[in-house]
Amino acid sequence: MNNNSIGFTYRADNWWLQPVAVLVGLGAFIAYSTWAGMQGAYYYYEPYLSPFYSPLVYVKTGIPGGAPLSHSLLGAWPAWWPNFFLLPSSPAVLILIFPLSFRLTCYYYRKAYYRAFTWSPPACAVGAFPQKNYKGETGLLTFQNFHRYALYTAIIFLFILYYDAAQAFFYKGGFGAGIGTLVLLINPTMLALYTLGCHSFRHLIGGQTDCFSCSKTKFGLWKKVTYLNERHQLFAWLSLFWVGFTDFYIRMVSMGIIKDYNTWGI
Amino acid sequence: MIERNFKIWRGNSKGGDFVNYKISIDEGMVVLDALKLIQADQANDLGLRWNCKAGKCGSCSMEINGKPKLACMDRVTDYKEDSQITVRPVKTFPVIKDLVTDLSWNYEQNKRIPPFKPKPRENGAKYRMQQEDVDRVQEFRKCIECYLCQNVCHILRDQEKKNKFVGPRFMIRLASLEMHPLDTEDRIPAIKNEYGSGYCNITKCCTEVCPESIKITDNGIIPIKERVVDRFYDPVLKLFRVFSGSKK
């Protein structure tokens, strides 16, 4: 009766649907973001900057759909950069590690990819991938405990992306707005709803205390974060989709495939 | 009256197999009613544990069509008329007879946890707690100890790490004690080293099967894991403790 083989279950429902959906959803995002991040081109269309490329630490000039040098934090792309296929001279490769680390160590995504990718377990009461010496998050995966540090960087990125959204209201100094402005404004808002509902944030903002009644402010903040935390999965997916869509939209506009409707008439 | 097919695991610690039964059921019957009917009419020796039949005692935990559930809360009519309903004992614990398993390992884990240790009363004054402080720990007190979460936890069920991890039920017991405003016992080092909080990989099956809808992972295990991070993994907090002389 107790068959311990992988995937064995007495469940009669479509238990495999959820892990397959996660596999496809996350797999598609990983494939697209890796491809888009390595392009190093078509990430900019004044005044829109793709979130995959922000902040621009270095900028390589003369690239189609690339940002002007004035947008760079540290100037022109360094000549010493090795520039092989895993480390192309793309501004995205310098910064994507930060949002990636936040999602990688996120308590929701851990559930999602442990189920979909490592089958530990694929679904409830379905045979897990057998590991003779299962260590959970005590062995190699101890790094998951540093999620709060990934959170700190994710919060910094919220400010950066809101700054980019604010910049998207100004074309050559003239105030206005376009579809791209709206897309860029929704992006950090989705990310904020996801980031501020983080389990570590919930702990740090008030959850670490045993006495809620000792600080009404702390308790009030904890309750608000709890509201977002209860919807963490929803915002995890919405923000993931939207950040990918934002890059896609700017890429398409920058390549001239679609037109951005805006008040500047460009 | 509708005829329904049941496939029930019959056996003991030495082994067993599924046996088919066909019974007529009334509308509104739960799986436990059906099992009692089979026991009364067709299999008098069917081993079955139950008590309240109201989802409050946690006795009738079993796996119905592969899902860990309370038999008394699972309506037969929720399953397709032409389908067979498979009933087996919980997988994680050893079978005694038929659908009855030996849950004593859980009671042993419970004994390992240092009990509630309130701070001393000041001049005989009464303990006072505010509602917001009560609410958080009260959620964990809803546990009826059905052990469905222990059964579905893959660390105990598939990886067989009962010697490393106490399981979700006792993680929330630890959470209820650790988050209690009047408690003074420090269980955080033991939560990491003895009860194995790091073994939990947050796949949330415990929360999915909880008949009391306790948010075991979000409100119990993750906050406890974060407290372990505070104490053992956060380098800034470690440095802060060095300079402030604080032990916690």
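Residues numbered from 1 in each chain as written. Chains lettered and ligands numbered in written order. Predicted model: local features only at pLDDT ≥ 70, side-chain atom pairs only at ≥ 80, totals over all residues. Heavy atoms only, no water.

Trainee: Honestly, the pairing of strand β1 (residues 2–12) of chain B in this entry has me stumped. Any pointers?
Mentor: On any regular strand, side chains alternate: one points to one face of the sheet, the next to the other face. Residue and element names in this part refer to chain B. Sheet topology note: the β1/strand β2 (residues 15–25) ladder contains 11 bridges and is antiparallel. Among the inter-strand pairings, Asn 5 is bridged to a residue of β2, identified as Lys 22. Connecting β1 to the next strand, β2, in antiparallel fashion are two residues. (Pairing = 2+ DSSP bridges. Helix = DSSP H or I, 4+ residues; strand = E, 2+ residues; numbered from the N terminus.)

Trainee: When you look at helix α6 (residues 179–195) of chain A in this model, what are you seeing that I'm missing?
Mentor: Three or four residues apart is the spacing at which side chains of an α-helix point the same way, because the helix has 3.6 residues per turn. Residues and elements named next belong to chain A. For α6, which comprises 17 residues, the first-to-last C-alpha distance of 24 Å matches the rise-based estimate of 24 Å (1.5 Å per residue) to within 8%. Taken together, the buried positions of α6 are Gly 180, Thr 181, Val 183, Leu 184, Asn 187, Pro 188, Met 190, Leu 191, Ala 192, Tyr 194 and Thr 195. Residues of α6 that are buried in the fold lie against β2 (48–49), α3 (97–105), α4 (107–116), α5 (147–167), α7 (199–207) and α9 (232–254). (Expected span 1.5 Å × (residues − 1). Buried < 20%, exposed > 50% of the residue type's maximum accessible area, 1.4 Å probe, protein only. Contact = heavy atoms within 4.5 Å.)

Trainee: Mind showing me how you'd approach the packing of helix α6 (residues 168–178) of chain B against helix α9 (residues 216–233) of chain B here?
Mentor: For any two helices packed against each other, the geometry comes down to the angle between their axes and how far apart the axes lie. Residue and element names in this part refer to chain B. With their axes 9 Å apart at the nearest point, α6 and α9 run at an angle of 65° to one another. The pairing of α6 with α9 is recorded here as roughly perpendicular in orientation. Considering only the axes of α6 and α9, their crossing is left-handed. Along its contact with α6, which presents Pro 168, Met 171, Ile 172, Leu 174, Ala 175 and Glu 178, the element α9 presents Ile 216, Gly 220, Ile 221, Ile 224 and Arg 227. Partitioned by chemical class, the residues of the contact of α6 with α9 number eight nonpolar, one polar and two charged. (Axes fitted to C-alpha atoms, helices over the stretch in contact; angles between N-to-C directions. Parallel < 35°, antiparallel > 145°, perpendicular 65-115°, else oblique. Left-handed = near helix turned anticlockwise from the far one by under 90°. Nonpolar A, V, L, I, M, F, W, Y, C, P; charged D, E, K, R; others polar.)

Trainee: Before we go on, may I ask you to explain helix α1 (residues 17–39) of chain A in this structure?
Mentor: Residues and elements named next belong to chain A. In this model, α1 (23 residues) spans 33 Å end to end at C-alpha, consistent with the 33 Å of a helix rising 1.5 Å per residue. Of all the residues in α1, the buried ones are Pro 19, Val 22, Leu 26, Phe 29, Ser 33, Ala 36 and Gly 37. Looking at the buried side of α1, the elements it contacts are α2 (92–95), α4 and α9. After α1 finishes, the residue Gly 40 shows a positive phi value of roughly 70°.

Trainee: What should I look at first to understand the interface of chain A and chain B in this one?
Mentor: Buried accessible area, meaning the area lost when the parts come together, often serves as the stated size of an interface. Taken together, the contact pairs 52 residues of chain A with 51 residues of chain B. Between chain A and chain B, the buried area comes to about 4300 Å², and carbon and sulfur atoms account for 52% of it. For the pair chain A and chain B, the number of links is nine salt bridges. In this assembly, chain A and chain B are joined by 33 residue pairs in polar contact (both at pLDDT 80 or more). Looking at the side of chain A that touches chain B, the elements with two or more residues in it are α4, α5, α7 and α8 (216–229) of chain A. Residue classes in the side of chain A that touches chain B are distributed as 20 nonpolar, 19 polar and 13 charged. (Buried area = accessible area lost by both parts, 1.4 Å probe. Salt bridge = Lys/Arg side-chain N within 4 Å of Asp/Glu carboxyl O. Polar contact = N/O pair within 3.5 Å; in protein donor to acceptor, adjacent residues only side chain to side chain.)

Trainee: Explain the packing of aromatic side chains to me, please; I cannot follow it from the model alone.
Mentor: Geometry of an aromatic ring pair is reported as the spacing of the ring centres plus the angle between the planes. Evaluation of the coordinates by the stated rule reveals 34 aromatic pairs over all chains. Ring plane angle 35° and centroid distance 6.0 Å describe the contact between Phe98(A) and Phe157(A), whose orientation is recorded as tilted. Residue Phe98(A) is found in helix α3, and its partner Phe157(A) is found in helix α5; the two are separated by 59 residues along the sequence. Looking at Phe98(A), the relative accessible area reads 35%, which means it is partly exposed. The ring of Trp222(A) has Arg136(B) sitting right over it, with the charged end atom 5.7 Å from the ring centre. Across from the ring centre of Phe232(B), 5.0 Å away, lies the NZ or CZ of Lys192(B), which sits over that ring. (Phe/Tyr/Trp six-rings, centres within 6.5 Å; stacked < 30°, edge-to-face > 60°. Lys NZ or Arg CZ within 6 Å of the ring centre and 35° of its normal.)

Trainee: Any chance you could explain the domain arrangement of chain B here in plain terms?
Mentor: Residues and elements named next belong to chain B. Under the domain assignment used here, chain B contains domain 1 (2–101) and domain 2 (104–244). The gap between the C-alpha centroids of domain 1 and domain 2 is 32 Å. With 15 residues of domain 1 at the interface, the matching set in domain 2 holds 17 residues. Contact between domain 1 and domain 2 buries roughly 1200 Å² in total, counting both sides, with carbon and sulfur atoms accounting for 56%. Looking only at domain 1, the three residues that lose the most surface to domain 2 are Pro 68, Thr 92 and Phe 93, adding up to 47% of its buried area. For the pair domain 1 and domain 2, the number of links is three salt bridges. Between Glu 212 and Lys 56 there is a salt bridge, with the nearest N and O atoms lying 2.7 Å from each other. Our enumeration of links across domain 1 and domain 2 arrives at eight residue pairs in polar contact (both at pLDDT 80 or more). Of all the secondary structure elements, the ones that give two or more residues to the side of domain 1 that touches domain 2 are β3 (61–64) and β4 (67–70). Split into classes, the residues belonging to the side of domain 1 that touches domain 2 amount to six nonpolar, four polar and five charged. (Domains from an automatic or database assignment.)

Trainee: It is not clear to me how the environment of Cys206(B) should be interpreted in this structure. Could you clarify?
Mentor: Residue and element names in this part refer to chain B. Note on placement: Cys 206 falls in helix α8 (residues 205–209). For the pair Cys 206 and Asn 151, spaced 55 residues apart in sequence, the C-alpha to C-alpha distance is 8.5 Å. Discounting chain neighbours no more than four positions away, the residues touching Cys 206 are Cys 149, Val 152, Pro 168, Ile 216, Thr 217 and Ile 221.

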